[in-house]
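# Examining the three-dimensional arrangement
Below are the chains, spelled out letter by letter.
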Amino acid sequence: VQLQASGGGLVQAGGSLRLSCAASELTFSTYNMGWFRQAPGKEREFVAAIGWSGRRMKYEDSVKGRFTISRDNAKDTMYLQMNSLKPEDTAVYYCAADRAWSRMTGEELNLDYWGQGTQVTVSS
């Protein structure tokens, strides 16, 4: 199983980025998917999650109204549209997959699969 995250980069505050997470060798449509981030010197934290069907979503409070998570099960790909970016959004962003919604949206980070990170840097 491979989760390939992409789309990170350097952007000014107020700008936008769209992250993608492409899955391979995974029955994508049966997995809940999520985005997490880790800033320098901080623990990895939950950002957003989307259920296997795409109908259920959850966001961390600080990104509500600015970030939108989505998925395309036909393309085995998940997205994170990030608008109104702030310097505090700077982090390495990781995608993850898990069969259990409670694990995906909880504080436990022992999820089924993780992708490699993509760096997001927001300058002030």
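Small disclaimer: the values here were computed from a predicted structure and weren't measured.

### Overview of the overall build of the chain
Counting its secondary structure elements, the chain contains 1 helix and 11 strands. Counting helices and strands in the order they occur from the N terminus, the chain gives β-β-β-β-β-β-β-β-β-α-β-β. The C-alpha radius of gyration computed for the chain amounts to 13 Å, which stays within 12% of the reference 14 Å derived for 124 residues, consistent with globular compactness. Dimensions of the chain along its principal axes, counting C-alpha atoms only, are 40 × 30 × 25 Å. When burial is assessed residue by residue, the chain has 44% of its 124 residues classed as buried.

### Section: the packing of aromatic side chains
Summed over all chains, the structure comprises 3 aromatic pairs. One aromatic cluster is present, formed by Phe36, Phe46 and Trp114 through successive ring pairs. Across from the ring centre of tyrosine 94, 3.7 Å away, lies the NZ or CZ of arginine 44, which sits over that ring. The residue whose ring lies beneath arginine 71 is phenylalanine 28, and the NZ or CZ to ring-centre distance is 4.4 Å.

### Topic: the layout of surface pockets
Approximately 170 Å³ is the volume attributed to the largest pocket. Around the largest pocket, the lining residues are Arg37, Ala39, Lys42, Glu43, Glu45, Pro87, Glu88, Thr90 and Ala91.

### Considering the state of the cysteines
Defined simply, a disulfide is a covalent bond joining two cysteines at their sulfur atoms. In the structure shown here, the tally under the stated rule is 1 disulfide. Paired through a disulfide, cysteine 21 and cysteine 95 show a sulfur-sulfur distance of 2.2 Å. Residues cysteine 21 and cysteine 95 are joined by a disulfide whose S-S torsion is about 70°; by sign, that bridge is right-handed. Taken together, the residues span a long stretch of sequence, with cysteine 21 in strand E3 (residues 17-24) and cysteine 95 in strand E9 (residues 91-98) at a distance of 74 residues. For cysteine 21, a relative accessible area of 0% gives the class buried.

### Focus: unusual backbone geometry
With a phi angle near 55°, glutamate 25 is a residue other than glycine that sits in the positive phi range. Tracing the backbone through its elements, the reader meets glutamate 25 in the loop between E3 and strand E4 (32-38). The phi dihedral of aspartate 76 is positive, around 55°, even though this residue is not glycine. Along the chain, the position of aspartate 76 falls in the loop between strand E7 (67-72) and strand E8 (77-82). A residue is classified by how much of its surface remains accessible, and aspartate 76, at 26% relative accessible area, is partly exposed.

### Examining the pairing of E4
Along E4, 6 of the 7 residues are buried, which leaves the element largely enclosed by surrounding structure. Note: E4 against strand E5 (residues 45-50), 5 bridges, orientation antiparallel. Note that in E5 the partner of tryptophan 35 across the bridge is alanine 48. With antiparallel pairing between neighbouring strands as the criterion, E4 and E5 make up a hairpin whose turn holds 6 residues, including glycine 41 at a positive phi of roughly 80°.

Basis of the calculations
Residues numbered from 1 in each chain as written. Predicted model: local features only at pLDDT ≥ 70, side-chain atom pairs only at ≥ 80, totals over all residues. Heavy atoms only, no water. Helix = DSSP H or I, 4+ residues; strand = E, 2+ residues; numbered from the N terminus. Rg over C-alpha atoms; globule rule 2.2 N^0.38 Å. Buried < 20%, exposed > 50% of the residue type's maximum accessible area, 1.4 Å probe, protein only. Phe/Tyr/Trp six-rings, centres within 6.5 Å; stacked < 30°, edge-to-face > 60°. Lys NZ or Arg CZ within 6 Å of the ring centre and 35° of its normal. 1 Å grid on protein atoms, 1.4 Å probe; cavity = no way out; pocket = protein on both sides within 12 Å on 5 of 7 lines; lining within 4 Å. Points joined across faces, edges and corners; volume = space filled by probe spheres on them. Disulfide = S-S within 2.5 Å. Pairing = 2+ DSSP bridges.

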